[in-house]
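If you want the building blocks of each chain, they are given just below.
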Amino acid sequence: MNLTFALRIIVVLMFVAISSSMAQTAKPLRGAILQDGTKARIEQVEVRNQRSGQMVYSDKLGLFELACNIGDTLEIQRIGYQSMKTRVQSFTNMVIRLKLTNQLKEVAITSKLASQNFREISNAYSKEKGVFYGGKPPIGLLSPFGGSPITFFYELLGKDGRRVRRLNQLAKQAAKAEEIDRYFNDLIIQQTVPIDSAQLEAFKLKYTPKLDKLKKWSEYDRANYIKSSFEEFKKSNQP
């Protein structure tokens, strides 16, 4: 075995060892994505690990889970929002807040409910771009007798139709988040258990129930759930 070949073997082994070590440190990172300045959670947000190339999308509650190493950079982006990058500094639950793009800010965001703001943005954008069916045109438009195939394909396949559909999805998502907040909010939680204000977001991120459960529960059921979840939360956060 000559010296050059031996050096190549050593380099390969070192690379394999380093790669294996990096893979072993990767852990699942969980997080939630909210619209900045509101409690509205955002679905279908692309979260990409720049190191590994792995990508996931946030679910209907704005939640995601992605394998990461400490020091990895996450790239977060969604149409209608300003893209951002953030560095992974720990494996504690991450809360990411995305800001609306200037395009969506054409309709002023006020103290109204987020769902109402999204509906107004969708209506204004639809009026400006000539999207009459919310991006979901009826099949009847394809009829050669009084239909409008151009309108059908413009709304179904065009970028303006897609954007209106996404805005309407965001409105529905925000409305759902607002309804959940009626039953499971900071005030209700703090009145039930002695939780620190700084821990509320992490607690809600992990323990917010689904809306159908919240609607079925009585106040007693909800209080018991919060208390038992808080005990579990305290144990999981003990050093």
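What counts, and at which threshold
Residues numbered from 1 in each chain as written. Predicted model: local features only at pLDDT ≥ 70, side-chain atom pairs only at ≥ 80, totals over all residues. Heavy atoms only, no water. Pairing = 2+ DSSP bridges. Helix = DSSP H or I, 4+ residues; strand = E, 2+ residues; numbered from the N terminus. Axes fitted to C-alpha atoms, helices over the stretch in contact; angles between N-to-C directions. Parallel < 35°, antiparallel > 145°, perpendicular 65-115°, else oblique. Left-handed = near helix turned anticlockwise from the far one by under 90°. Contact = heavy atoms within 4.5 Å. Nonpolar A, V, L, I, M, F, W, Y, C, P; charged D, E, K, R; others polar. Buried < 20%, exposed > 50% of the residue type's maximum accessible area, 1.4 Å probe, protein only. Polar contact = N/O pair within 3.5 Å; in protein donor to acceptor, adjacent residues only side chain to side chain. Salt bridge = Lys/Arg side-chain N within 4 Å of Asp/Glu carboxyl O. Core = buried A, V, L, I, M, F, W, Y, C linked by side-chain atoms within 4.5 Å.

Chemist: How would you explain the sheet that holds strand S1 (residues 27-35) if you had to name every residue and give the values?
Modeler: Ordered by their spatial adjacency, 3 strands build an open sheet running S4-S1-S7, and the pairing between neighbours is mixed. The open sheet has two edge strands with one neighbour each: strand S4 (63-68) and strand S7 (94-98). Each strand axis lies, on average, 35° off the axis of its neighbour in the sheet, ignoring direction. Note: S1 against S7, 5 bridges, orientation parallel. Of the residues in S7, the one forming a bridge with Ala-32 is Val-95.

Chemist: Before we move on, could you go through the packing of helix H6 (residues 200-207) against helix H8 (residues 219-236) and cite the residues and values that matter?
Modeler: Contact pair H6 / H8: the axes reach a minimum separation of 11 Å and the direction vectors enclose 110°. In terms of their interaxial angle, H6 and H8 are classed as roughly perpendicular. Seen along the crossing, H6 lies across H8 with a hand that is right-handed. Taking contact as the criterion, the partners of Ala-202, Phe-203, Lys-206 and Tyr-207 in H6 are, on H8, Tyr-225, Ile-226, Ser-229, Phe-230, Glu-232, Phe-233 and Ser-236. Class assignment for the residues of the contact of H6 with H8 results in 7 nonpolar, 2 polar and 2 charged.

Chemist: Can you tell me about the side chain of Lys-204, naming the residues and giving the values?
Modeler: Along the chain, Lys-204 falls in helix H6. Taking the relative accessible area as the measure of exposure, Lys-204 reaches 7% and is therefore buried. Side chain to side chain, Lys-204 and Asp-186 meet in a polar contact 2.6 Å long. When near neighbours in sequence (up to four residues on either side) are disregarded, Lys-204 contacts Arg-41, Phe-184, Asp-186 and Ile-189.

Chemist: With reference to specific residues and values, describe the packing of helix H2 (residues 114-129) against helix H4 (residues 159-183).
Modeler: Interaxial distance between H2 and H4 falls to 8 Å at its minimum, and their mutual angle equals 165°. Judged by the inter-axis angle, H2 sits roughly antiparallel to H4. Crossing hand, H2 versus H4: left-handed. Contacts from Ala-114, Ser-115, Phe-118, Arg-119, Ile-121, Ser-122, Tyr-125, Ser-126 and Lys-129 of H2 reach H4 at Asp-160, Arg-163, Val-164, Leu-167, Asn-168, Leu-170, Ala-171, Ala-174, Ala-175 and Glu-178.

Chemist: Please provide a residue-by-residue account of the sheet that holds strand S5 (residues 73-77), values included.
Modeler: The strand order across the open sheet built from 4 strands is S3-S2-S5-S6, with neighbouring strands paired in antiparallel fashion. Edge positions in the sheet fall to strand S3 (55-57) and strand S6 (84-87), since each of these pairs with one other strand and no more. Within this sheet the neighbouring strands show an average axis-to-axis angle of 20°, counted without direction.

Chemist: Outline the pattern of salt bridges, listing residues and values.
Modeler: Counted by the stated rule, this structure contains 9 salt bridges. Note that Glu-201 is salt-bridged to Lys-204, the shortest N-O span being 3.9 Å. Of the two residues, Glu-201 and Lys-204 are both situated in helix H6; the distance of 3 residues between them amounts to about one turn of the helix. Judged by its relative accessible area of 27%, Glu-201 is partly exposed. As a salt-bridge pair, Lys-234 and Glu-231 come within 3.3 Å of each other at their nearest N and O atoms. With Lys-234 and Glu-231 both in helix H8 and 3 residues apart, the pair spans about one turn of that helix. Exposure remark for Lys-234: the relative accessible area of 37% places this residue in the partly exposed category. Residues participating in the shared-partner salt-bridge network are Arg-97, Asp-186, Glu-201 and Lys-204.

Chemist: Kindly report on the side chain of Ser-126, identifying the contributing residues and their values.
Modeler: Position of Ser-126 among the secondary structure elements: in helix H2. By relative accessible area, Ser-126 is classed as buried at 11%. The contacts of Ser-126, once residues within four sequence positions are left out, are Val-131 and Val-164.

Chemist: Describe the nonpolar core, and please don't skip the residues or the numbers.
Modeler: Across soluble globular proteins, you tend to see nonpolar side chains buried next to one another. Counting residues in hydrophobic clusters, the biggest one holds 28 residues, and the most contacted among them are Ile-33, Val-47, Leu-74, Ile-76, Leu-98 and Phe-118. Contributions of two or more residues to this core are made by S1, S4, S5, S7, H2 and H4. For this core, the element with the most residues is H4, which contributes 5 residues. In this view, Ile-33 contacts Ala-40, Arg-41, Ile-42, Val-45, Val-47, Ser-58, Gly-62, Phe-64, Ile-76, Ile-96 and Leu-98; residues no more than four positions away in its chain are not counted. Counting residues in each nonpolar core, the second largest holds 15 residues, with Ile-195, Leu-200, Leu-214 and Phe-233 among its members.

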